[in-house]
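Coordinates in review
The primary structure of each chain is shown beneath.
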Amino acid sequence: MQARLLYVMDPMCSWCWGFAPVLESLVEQAAAAGVPLQLVLGGLRRDGVAIDAAARVRYLGYWQAVNASTGQLFNFIDGLPEGMVYDTEPACRALVTARSLDVHSVWPLTQFIQRAFYTQGEDVTRASVLVGLAERAGIPRIVFAEAFDSVEQREATSADFSWVQDLGISGFPTLLAERNGQLALLTNGYQPLEVLAPLLGRWLERAAHA
């Protein structure tokens, strides 16, 4: 059986941060059946516009909604400072780069980026921040920095964005289950574990007996 979970996300998407504990449990459930996870990066924001006071209020409102629904923690004081350019391409490219260098580092780096952005108020659009987080995830600093700035990784990131757009996926998180090239949608948008674990369980059972 050739099967995998495809997690379509953006590390600077607040609902993806809210979904992180749910995904971890689903990944464990799938791994027990020998089904791995691959991240596909969606490219949430690429408009290059600096955050002003009104935008900050709006974005923090989104964060408050995610906090209320999921219990995930946010730093409402330091997060999203005015003047920050809310461009998610660099953080997405960091994960695409990690995927090419050491696939096992991708999810740890995802968690480091999310925690840095949402709970520590760090600007994860900055290459220096991303290089440091990649080093914490186990990728040598120089190796990551060189790959991160390469044309190849920029093109690979654009390829992820295009794949997501071509499928018509506009909301994150989205979790797909793929078997022998056939995609099944587990969720488009946040759902709690008690809803998704049975869905995944049924898909795994069908895949095992196919």
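Just so you know, these numbers come straight off a predicted model, no measurement behind them.

1. Focus on the side chain of Thr125
Within the element layout of this structure, Thr125 appears in the loop between helix H4 (106–118) and helix H5 (127–136). If we ignore the near neighbours within four places in the chain, the residues touching Thr125 are Met12, Met84, Val85, Asp87 and Pro90.

2. Details of the pairing of strand E1 (residues 3–9)
Here E1 lies mainly inside the structure; 6 of its 7 residues are buried. Taken together, the 6 bridges between E1 and strand E3 (residues 174–179) define a ladder with antiparallel strand orientation. Looking across to E3, one finds that Tyr7 is bridged to Leu175. The sheet contact formed by E1 and strand E2 (residues 37–41) spans 5 bridges and is parallel. Bridging from a neighbouring strand, Met9 pairs with Leu41 of E2. Regarding the hand of the β-α-β motif, the stretch spanning E1, helix H1 (residues 14–32) and E2 is right-handed.

3. Here's the deal with the packing of aromatic side chains
Enumeration according to the criterion identifies 14 aromatic pairs in this entry. Between Trp17 and Tyr118 the ring centres are 5.9 Å apart and the planes differ by 10°, which places this aromatic pair in the stacked class. In this pair, Trp17 is assigned in helix H1 and Tyr118 in helix H4, connecting sequence segments 101 residues apart. In this pair, the class of Trp17 matches that of Tyr118, namely buried.

4. Thoughts on the side chain of Ser14
Relative to the helices and strands, Ser14 is located in helix H1. Leave out the neighbours within four places in its chain, and Ser14 touches Tyr62, Trp63, Val66, Phe74 and Tyr118.

5. Examining the pattern of salt bridges
Applying the stated criterion to the full structure yields 5 salt bridges. Taking the shortest distance from any N to any O, the salt bridge between Arg99 and Asp160 comes out at 2.9 Å. Of this pair, Arg99 sits in helix H3 (residues 89–101) while Asp160 sits in helix H7 (residues 151–166), placing them 61 residues apart in sequence. For Arg99, a relative accessible area of 22% translates into the label partly exposed. Asp160 sits in the buried class, given a relative accessible area of 9%.

6. Side note on helix H2 (residues 53–70)
Helix length check: H2, at 18 residues, gives a terminal C-alpha distance of 26 Å against a target of 26 Å (1.5 Å per residue), a fit within 8%. Taken together, the buried positions of H2 are occupied by Ala55, Arg56, Tyr59, Leu60, Trp63 and Val66. Along the long axis of H2, the arc covered by the buried residues comes to 125°, so they all point the same way. Opposite the packed face of H2, turned more than 90 degrees from it, sit the exposed residues Ala54, Val57 and Ala68. N-capping of H2 is provided by Asp52, with a side-chain oxygen placed 3.3 Å from the backbone N of Ala54. The first or second residue beyond H2 is Gly71, which carries a positive phi of 85°.

7. Side note on the environment of Glu194
For Glu194, the location among the structural elements is in helix H8 (residues 193–208). With 172 residues separating them in the primary sequence, Glu194 and Val22 have C-alpha atoms 9.1 Å apart.

Cut-offs applied
Residues numbered from 1 in each chain as written. Predicted model: local features only at pLDDT ≥ 70, side-chain atom pairs only at ≥ 80, totals over all residues. Heavy atoms only, no water. Helix = DSSP H or I, 4+ residues; strand = E, 2+ residues; numbered from the N terminus. Contact = heavy atoms within 4.5 Å. Buried < 20%, exposed > 50% of the residue type's maximum accessible area, 1.4 Å probe, protein only. Pairing = 2+ DSSP bridges. Right-handed = clockwise from strand over helix to strand, strands pointing away. Phe/Tyr/Trp six-rings, centres within 6.5 Å; stacked < 30°, edge-to-face > 60°. Salt bridge = Lys/Arg side-chain N within 4 Å of Asp/Glu carboxyl O. Expected span 1.5 Å × (residues − 1). Arc of directions from axis to C-beta. Polar contact = N/O pair within 3.5 Å; in protein donor to acceptor, adjacent residues only side chain to side chain.

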